[in-house]
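Each chain, letter by letter, is given below.
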Amino acid sequence: MSIWPEERLDHVDTEGFHTVDMTINVGPQHPATHGVFRMLLTVDGELVTACRPYIGYLHRGLEKLSELNDYRQAMGFWDRTDYLAGLLCEQAYCMAVEKLADIEVPERAEYIRVMLSELSRINSHFMFLGAFGADVGSFGTSFTYAWRERERIYDLIEEVSGDRMFPTYCRPGGVTMDLPENFEKRCREVLGHIYQGIDDLDGLLTGNEIFVERCRALSPLTTERAINLGVTGPVLRSTGLAWDLRKAEPYSVYPHLKFDIPVGLRGDVFDRYMVRLAEMYQSARIVEQCLEQLPGGPFLNPNLPKNLRIDDAEAYVRIEGTKGEYGVYALAKGGNKAYRMKLRSPSFCNLSALSEMVVGHYVADAIIILGSLDIVLGEVDK
Amino acid sequence: MNGASPLPFGDVFFGWSWLDAIIRIVIVVLLMTVVVVYLTYGERKVVARIQQRLGPNRVGPWGLLQGFADAIKLLIKEDIRPRAADRWVFEFAPFLTFIPVLMVLAALPFARDWGVRNVTLGLLFVNAALGLNIVGIMMAGLGSGNKYALLGGVRAAAQMISYEIPLVISILCVAMVAGTLDLNAIAILQEDRPFLLLQPLAFVIFFTAMLSELHRAPFDIPVAESEIVGGYFVEYSGIRWSMFQLTEYASLWAFSIFGSVVFLGGWEFPMGSDWGWGWQLFLTFVKSLAWIIAVMWVRTTVPRLRIDQLMSFCWKVLLPMSLVQLLMNGFILVYDWPQELLTLTSGIGAAALVGFVLYRTARHPSVAHLVGSYKRAGAAAQ
Amino acid sequence: MTAENVTLPPLAGAIKKALPKVPCAASLTKTDLDLRVAPADLLALVQGLKDHPDLGFDYLRNVTGLDMQENGLELKYHFYSFKHGHTVQVTVATPPGESHLPTLAGLYAAADWHEREAAEMFGFVFDGHPDPRNLLLEEDLRIHPLLKAHPLQPVEIVQGIEDGRAGFEF
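Parameters and conventions
- Residues numbered from 1 in each chain as written.
- Chains lettered and ligands numbered in written order.
- Predicted model: local features only at pLDDT ≥ 70, side-chain atom pairs only at ≥ 80, totals over all residues.
- Heavy atoms only, no water.
- Helix = DSSP H or I, 4+ residues; strand = E, 2+ residues; numbered from the N terminus.
- Buried < 20%, exposed > 50% of the residue type's maximum accessible area, 1.4 Å probe, protein only.
- Areas by Shrake-Rupley, 256 points an atom, 1.4 Å probe, with all protein chains shown as cover.
- Core = buried A, V, L, I, M, F, W, Y, C linked by side-chain atoms within 4.5 Å.
- Contact = heavy atoms within 4.5 Å.
- Pairing = 2+ DSSP bridges.
- Axes fitted to C-alpha atoms, helices over the stretch in contact; angles between N-to-C directions.
- Buried area = accessible area lost by both parts, 1.4 Å probe.
- Salt bridge = Lys/Arg side-chain N within 4 Å of Asp/Glu carboxyl O.
- Polar contact = N/O pair within 3.5 Å; in protein donor to acceptor, adjacent residues only side chain to side chain.
- Nonpolar A, V, L, I, M, F, W, Y, C, P; charged D, E, K, R; others polar.
- Parallel < 35°, antiparallel > 145°, perpendicular 65-115°, else oblique.
- Left-handed = near helix turned anticlockwise from the far one by under 90°.
- Expected span 1.5 Å × (residues − 1).
- Bend = angle between axes of the 7 residues up to and from the residue.
- Disulfide = S-S within 2.5 Å.

Q: Quick rundown of the overall build of chain B? Include the residues and the values.
A: What chain B contains, in helices and strands, is 15 helices and zero strands. Within chain B, the proportion of its 382 residues that are buried is 55%. When the accessible surface of chain B is totalled, it reaches about 16100 Å², and 71% of it is carbon and sulfur.

Q: Which residues make up the nonpolar core, and what values do they have?
A: Core analysis: the biggest nonpolar cluster contains 173 residues, and Tyr273(A), Leu354(A), Leu49(C), Tyr77(C), Phe79(C) and Val88(C) have the highest contact counts within it. Take this core: its biggest share by element is 13 residues, from helix α11 (residues 269-293) of chain A. In this view, Phe79(C) contacts Val46(C), Leu49(C), Phe57(C), Tyr59(C), Leu60(C), Arg61(C), His86(C), Thr87(C), Val88(C), Val90(C), Leu104(C) and Tyr108(C); residues no more than four positions away in its chain are not counted. Judged by nonpolar contacts, the second largest core, of 79 residues, contains Met32(B), Phe203(B), Phe255(B) and Met321(B).

Q: I'd love a proper account of the sheet that holds strand β3 (residues 22-26) of chain A, names of residues and values included.
A: All names here are of chain A. Spatial ordering of the open sheet is given by β3-β4-β5, a layout of three strands whose pairing is antiparallel. The sheet terminates laterally at β3 and β5 (47-54), the two strands that pair on one side only. For this sheet, the mean angle separating the axes of adjacent strands, direction not counted, is 20°. As paired strands, β3 and strand β4 (residues 38-44) are joined by five bridges and run antiparallel to one another. When the sheet's bridge partners are listed, Asn25 is paired in β4 with Leu40. Contacts from helix α14 (residues 363-373) reach β3, β4 and β5 within the one sheet, and its direction differs from that of β4 by about 150°.

Q: Could you give an account of the interface of chain A and chain B, naming the residues involved and the relevant values?
A: Facing 60 residues of chain A, the contacting portion of chain B comprises 48 residues. Summed over both sides, the interface between chain A and chain B buries roughly 4800 Å², with carbon and sulfur atoms accounting for 62% of that surface. Contact with chain B buries surface across chain A, with Phe139(A), Glu213(A) and Arg216(A) losing the most and accounting together for 13% of the total. Applying the counting criterion to the chain A and chain B interface returns two salt bridges. The interface formed by chain A and chain B contains 12 residue pairs in polar contact (both at pLDDT 80 or more). Those elements that provide at least two residues to the side of chain A that touches chain B are β3, α4 (107-136), α5 (141-161), α6 (183-206), α7 (209-215), α11 and α14 of chain A. The element best represented in the side of chain A that touches chain B is α11(A), accounting for seven residues.

Q: Which residues make up the interface of chain C and chain A, and what values go with them?
A: With 43 residues of chain C in contact, the opposing surface of chain A contributes 46 residues. In total, chain C and chain A occlude about 3700 Å² of area from one another, counting both sides; carbon and sulfur atoms represent 57% of this. Three residues stand out in chain C for area buried against chain A, namely Lys30(C), Trp113(C) and Leu136(C), and they jointly supply 20% of the buried area on that side. Inspection of the region where chain C meets chain A yields eight salt bridges. Residue Glu117(C) pairs with Lys342(A) through a salt bridge whose shortest N-O separation is 3.1 Å. Our count for the contact surface shared by chain C and chain A stands at 26 residue pairs in polar contact (both at pLDDT 80 or more). Contributions of two or more residues to the side of chain C that touches chain A are made by β3 (59-67), β4 (73-80), β5 (87-94) and α3 (111-122) of chain C. Residue contributions to the side of chain C that touches chain A peak at eight residues, all from β3(C). For the side of chain C that touches chain A, the class distribution of residues is 20 nonpolar, 11 polar and 12 charged.

Q: How would you explain the side chain of Glu248(B) if you had to name every residue and give the values?
A: Residues and elements named next belong to chain B. Tracing the chain through its elements places Glu248 in helix α11 (residues 238-262). Note on Glu248: relative accessible area 19%, which makes it buried. At 3.4 Å, the side chain of Glu248 and the side chain of Arg216 are in polar contact. Residues within four places of Glu248 in sequence aside, it is in contact with Leu214 and Arg216.

Q: Explain the packing of α11(B) against helix α12 (residues 276-301) of chain B to me, and be specific about the residues and the numbers.
A: All names here are of chain B. In the contact formed by α11 and α12, the axes pass within 8 Å of each other and the chain directions differ by 120°. Between α11 and α12, the angle is such that the two are oblique. When you trace α11 past α12, the crossing you get is right-handed. Taken together, the residues of α12 that come into contact with α11 (itself represented by Tyr249, Leu252, Trp253, Phe255, Ser256, Ile257, Gly259 and Ser260) are Thr284, Phe285, Lys287, Ser288, Trp291, Ile292, Val295 and Arg299. Considering only residue class, the contact of α11 with α12 consists of nine nonpolar, five polar and two charged.

Q: Could you give an account of helix α6 (residues 147-178) of chain B, naming the residues involved and the relevant values?
A: At 3.6 residues per turn, the α-helix brings residues three or four places apart onto the same side. Residues and elements named next belong to chain B. For α6, which comprises 32 residues, the first-to-last C-alpha distance of 45 Å matches the rise-based estimate of 46 Å (1.5 Å per residue) to within 8%. Where α6 bends most, at Glu164, the angle is about 25°, and the proline Pro166 comes one to four residues later. Counting buried positions over the 32 residues of α6 gives 24, a clear majority of the element. The distance from a side-chain oxygen at the start of α6 to the backbone nitrogen of Tyr148 is 2.7 Å, and the residue carrying that oxygen is Asn146. Just beyond α6, the residue with positive phi is Gly179, at close to 80°.

Q: A description of the sheet that holds strand β9 (residues 325-332) of chain A should follow, citing residues and the corresponding values.
A: All names here are of chain A. On the basis of which strands lie adjacent, the open sheet formed by three strands has the order β8-β9-β10 and antiparallel pairing. Pairing within the sheet leaves two strands with one partner each, and these edge strands are β8 (313-320) and β10 (340-344). Ignoring strand direction, the axes of neighbouring strands in this sheet form an average angle of 10°. Pairing of β9 with β10 involves five bridges; the strand directions are antiparallel. What sits directly across from Tyr329, in β10, is Lys342. Seen against the sheet, helix α3 (residues 86-101) touches β8, β9 and β10 and runs at an angle of roughly 150° to β8.

Q: Outline the state of the cysteines, supporting the account with residue identities and numerical values.
A: Under the counting rule described, the total for this entry stands at zero disulfides over all chains. Lacking any disulfide linkage, Cys349(A) is separated from the closest cysteine sulfur, that of Cys89(A), by 14 Å. Residue class for Cys349(A) comes out buried when judged on its relative accessible area of 2%. Sulfur of Cys314(B): no disulfide; nearest cysteine sulfur belongs to Cys173(B) and is 15 Å away. Its relative accessible area of 1% is what places Cys314(B) among the buried residues.

Purely spatial values, then, with no claim about function.
As structure tokens, this is what we get:
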């Protein structure tokens, strides 16, 4: 049988018993890789002894495209990075451009952005819960539960912006159009469903002994190591550090909003799951507050130039993305195009921690650990 | 011991024993085919219902012909054999998995005195035959020349051999109470109460071990879709793949009939065998259907165990508990203590088993405490 | 040092005080303090930024490569301190043709992938990097697509150039 190329394997000789480590290729087409991610696992029986991740299958040259298209055109590429929460990426991109050009954003637009971003965050976390449940093996039930609520959120986003996943709704200086008339009523309706959906998934997964037993104490991460690895977002917060850019470096209208930062205790897979679950609840609270505080006024800065040209300026704008610190480094050197745009993608940095997190665990757990990082390949590969 | 009828059941068609056997086998195989086709349809419908979907509803009224459409598609699909595969091992594996199930069907009584053949040692025969399909599964795993398949095959072998033991012991407990290994006689003995009432612990063990033998969630480790992409049959296609599917559903059906005969009283309980074989067949099918739906229900709600959890559950929990059941039965039967004591001791055992599983997870803060804790931010994973 | 009249934040003074021996020029971007340092001093500066108790930059946020065309390549590091909550941007400019930089992977595990990305996209060479393979591009690809000189026309991949390995023809 030709799948055993003996010369390439390390022979382990323990007291006359010859075993060889086996290399398993997981991905790029594999149900558990959430896209086109590939990792090469070296396994000793069922235990992972080494992991080599390969990324780049979805590399679309976002940064090059952002240099080649002008500020408004380039935005369409950015909501395809974290495609589960496109509006958050748009917000980050627009904030970077606004920072470069010193554009004021009307308060109403900020509220609209925050509201839709938080809905996107809920959406993305729902996706996590569904896919994570499937990784642990709940045969798609968590998936369909999560999908039900995601459809509702997508419908709402579509009503506002005209598109579901890639709305290109934000603009440097505000948002494209105002909210529809019955938005508040619809949004509250969707929020009610979201609370219900969080509760359902909580009961389905958290209330399940096997699920808890599988995730608990699995691959714990210390805060120091997480920081050194550049891990951010829910994975960092699960280690017990309450670091959320919405509070640590407040932007937009977050200073006016009341919400808590959920943290974990041990930084294990279960904590990562719980932190995300709790974050969805907090995000729903933020949306409610935004609905109450939503001011009138323009939704787009009326004094925008027809063609945006920015002289020498440099900024590194970061927001709390769904997966962690979503940073946009922007450098302008005149003209209507950016000289350089760089995405600091949270999934990319979180994923770089994977190879050291899975070593020493079972193959089945490696899948769960990968799932618990909640990567989006569009963001990893840019 | 009035039920121990001589071979074969009832009258012999045309007086020729071999012709009679062939006719009976053809009937049972045809029945099995139809049942399997509708089991796939039924499973998809049940799962869809639980997952808030519609399930197949396009082919025929309510999608009733979906199973046949799938069967035709599978039959005319190309049968691919990978170059790395070991030819004969690969090609014979599906048949070797399937034949044991057919052997089981030959010994199962569907109604009083109605089956292919009444085997006096039916209980033993069914268990022995069901244990045989490990061979085919191992062959598929080794012969496919695929590492996922190899992992799946080895996992299946480890799991099925381990769970075989509590399964057989739990059946043995029933045989002790019944005093016979003849399935027909066992059913007749349950005229006034099913053995479920006498042996709840054995029932719980049997059901759990059966899930494992069938590779059903939460024990679907050998075929884990999100880890090893189907396990041992990952390289199969077309007719050979459908043989594995056929085996899966046919053995589910066989197990459910076997279980309902042994524990639920088959056709005998609650009406006795005076109502004619139509009614008896109906009872058998309803009971096995309940059994099957329970399996599907478990499948859709419960995530997958890890291989070490699975093994320790078998060797440290199920096996001792089944031995305890055996011992208790021995005392009670040898000293001729009242039968209520069987119910009592076994009931306590069943409660202890279920309680132990709950305790295992409740050792840390209880799961019930975790549910809903997402609303308390900061204490998310306490 | 672009804007002389802009007052630098106190962090700049703290860095000057903590690391007097490292020559670096401070300025402000739209968001952060920027320190411009020579490649030879990078490791000393970063080590100081990380270890000094008043600075405590324990988190490497981002690494950005830049092609400044005739001025060579630049690399921007963003550091953050969880203890003090401040951010600093460190800029290293390398002369054209000699884009060698010391790796930070020993100090920050996060630098590993960031540097691999900068290396493949711009052609930086990080001396002492533990795993200098391509990350996002194909493993044997030796083009640097984010350079400004990289052709914008579609790059046609021709199999079999260069003794059997995949080659590229512009």
